[in-house]
Amino acid sequence: VQEEKIFTGKVLRLHVCTMEGAEWLEEVPEDTTVEKLKERCLKHCVPGSLEDPKTVTHHKLIHATSEKVLTDTKTVLEENVQDGDVLLLIKKRAPPPLPKMADVSAEEKRKQEQKAPDKDAILKATANLPSRNVDRTVAHHNMRDFQTELRKILVSLIEVAQKLLALNPDAVELFKKANAMLDEDEEDRVDEIALRQLTEMGFPESRAVKALRLNHMSVTQAMEWLIEHADDPTVDAPLPGQTPSEATDEAGASSAEATAGPSSEAGEEEAKDELTEIFKKIRRKREFRPDPRAVIALMEMGFDEKEVVDALRVNNNQQNAACEWLLGDRKPSPEDLDKGIDTNSPLFQAILENPVVQLGLTNPKTLLAFEDMLENPLNSTQWMNDPETGPVMLQISRIFQTLNRT
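Residues numbered from 1 in each chain as written. Predicted model: local features only at pLDDT ≥ 70, side-chain atom pairs only at ≥ 80, totals over all residues. Heavy atoms only, no water.

- Going by what an unreviewed UniProt entry lists, the protein is known as Ubiquitin-associated domain-containing protein 1 and is assigned to Eolophus roseicapilla.
- The Subcellular location (unreviewed entry) comment attached to the protein in UniProt states, word for word, "Cytoplasm".
- Its UniProt record, at the heading Pathway (unreviewed entry), says of the protein: "Protein modification; protein ubiquitination." (UniProt positions renumbered as here; feature names shortened; annotations may be inferred.)

So this is what it looks like as structure tokens:
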């Protein structure tokens, strides 16, 4: 008996398949290498293929269950192939051919042609074009013109809304409630806890109120300001843009309104007059309040207080923009802010013909939103997100943008 026959390993019966659909049974000892098994499979399915030694390397055996590619140098046992397993004989994909030098040159040339021109190429191509003076402030003026035009629209829509709401028999009561809500404006209120902390330190109440308003209700900053200005002779002077008489007038107007009530015998004209007075009070409460710090900073530059307040009003309390306005042509003027849009213009007619706007103008809240945005443009986002006033503002914005494109 030959030695190899005595120590031969276990014989495995393996099912081999090809991508072409051929299938057969191979019986090999478990110590057979995968490369030898591959040669046997190629002899079976591709006669004469072994004449080319590269044929073996161009094929691979895959274990069907584990989807593992078998390594040529390992034995069937080492690859954990079991009796009855299925193997797939697959030809490896040929690697993509290397590009020819001519193709590489053509590709590089195409990329260069598609490359954006550099600065020198742009200057060379535009050398013969006529030069023009470019106004770099056009974008700034366009933005300012947009704000001015939107403000005019709001002024005219407020007039229309007031006329429509005056026809509502419940308008007086509605606006009394709205007026009372405006009395609770957070901007005019002083943090009582912060005020108490400063007065307990020994600071006068009026001076503490001024310090808190100047420092956005911060107790620490207000205390530092009070200590810094303790010997300042103007420390008790009212803030710029606000006088004690104005505060007294506002308090008196509020108390008078609280005690006033519609007489049961009042006629329609009296109700209209009362509604007109309420509109005036609402407008007075929404009057522009300049930023005290910006007023002080601009007045220190030598500008008059009235000019500074006008500049801040035109530029929405933006100190830098107000400074540019004071140093420039001062347009638009404060008077332009109170002018409405031409009621016969296509823009205004399109806005009034919109059903959403028509319905919104009969809502007192819409009028209050217009009044608020008129003097506080930064609050427009709040009203755009409001479920009642948001749709109206969206329609006005869309109509404005549509007509501006044409």
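1. Describing the overall build of the protein
Stage number 1. A tally of helices and strands in the protein yields 20 helices and 5 strands.
Stage number 2. The burial tally for the protein puts 33% of its 406 residues in the buried class.
Stage number 3. Sequence separation of 24 or more characterises 59% of the internal contacts of the protein that already satisfy a separation of 6 or more.
Stage number 4. For the protein, the computed accessible surface area is about 26,600 Å², with 53% contributed by carbon and sulfur atoms. (Helix = DSSP H or I, 4+ residues; strand = E, 2+ residues; numbered from the N terminus. Buried < 20%, exposed > 50% of the residue type's maximum accessible area, 1.4 Å probe, protein only. Contact = heavy atoms within 4.5 Å. Areas by Shrake-Rupley, 256 points an atom, 1.4 Å probe, with all protein chains shown as cover.)

2. Notes on the pairing of strand β5 (residues 86-91)
A regular strand places its side chains so that they alternate between the two faces of the sheet.
Stage number 1. Here strand β1 (residues 11-18) runs beside β5; their pairing, made up of 4 bridges, is parallel. Among the inter-strand pairings, V16 is bridged to a residue of β5, identified as L87.
Stage number 2. Bridge count between strand β3 (residues 59-63) and β5: 5 bridges; the pairing is antiparallel. Residue pairing for β5: H63 is matched across the bridge by L87. (Pairing = 2+ DSSP bridges.)

3. Here we look at the packing of helix α14 (residues 305-314) against helix α15 (residues 319-327)
Stage number 1. Where α14 meets α15, the axes come as close as 8 Å, and the angle between the chain directions of the two elements is 120°. When the axis of α14 is compared with that of α15, the two are oblique. Crossing of α14 against α15: the hand is right-handed. Here α14 contributes E307, V308, D310, A311, L312 and V314 to the contact with α15, which in turn contributes Q319, A322, W325 and L326. (Axes fitted to C-alpha atoms, helices over the stretch in contact; angles between N-to-C directions. Parallel < 35°, antiparallel > 145°, perpendicular 65-115°, else oblique. Left-handed = near helix turned anticlockwise from the far one by under 90°.)

4. Digging into the confidence of the model for the protein
Any region with low pLDDT has predicted coordinates that should not be read closely.
Stage number 1. Across the protein, the average pLDDT comes to 75, with 74% of residues at or above 70.
Stage number 2. Considering only residues more than four positions removed or in separate chains, one finds that residues 134-144, a stretch of pLDDT under 50, has 4 contacts.
Stage number 3. Scored below 50 in pLDDT, residues 243-266 makes 19 contacts in the model with residues more than four places away or belonging to other chains. (pLDDT = per-residue confidence, 0-100.)

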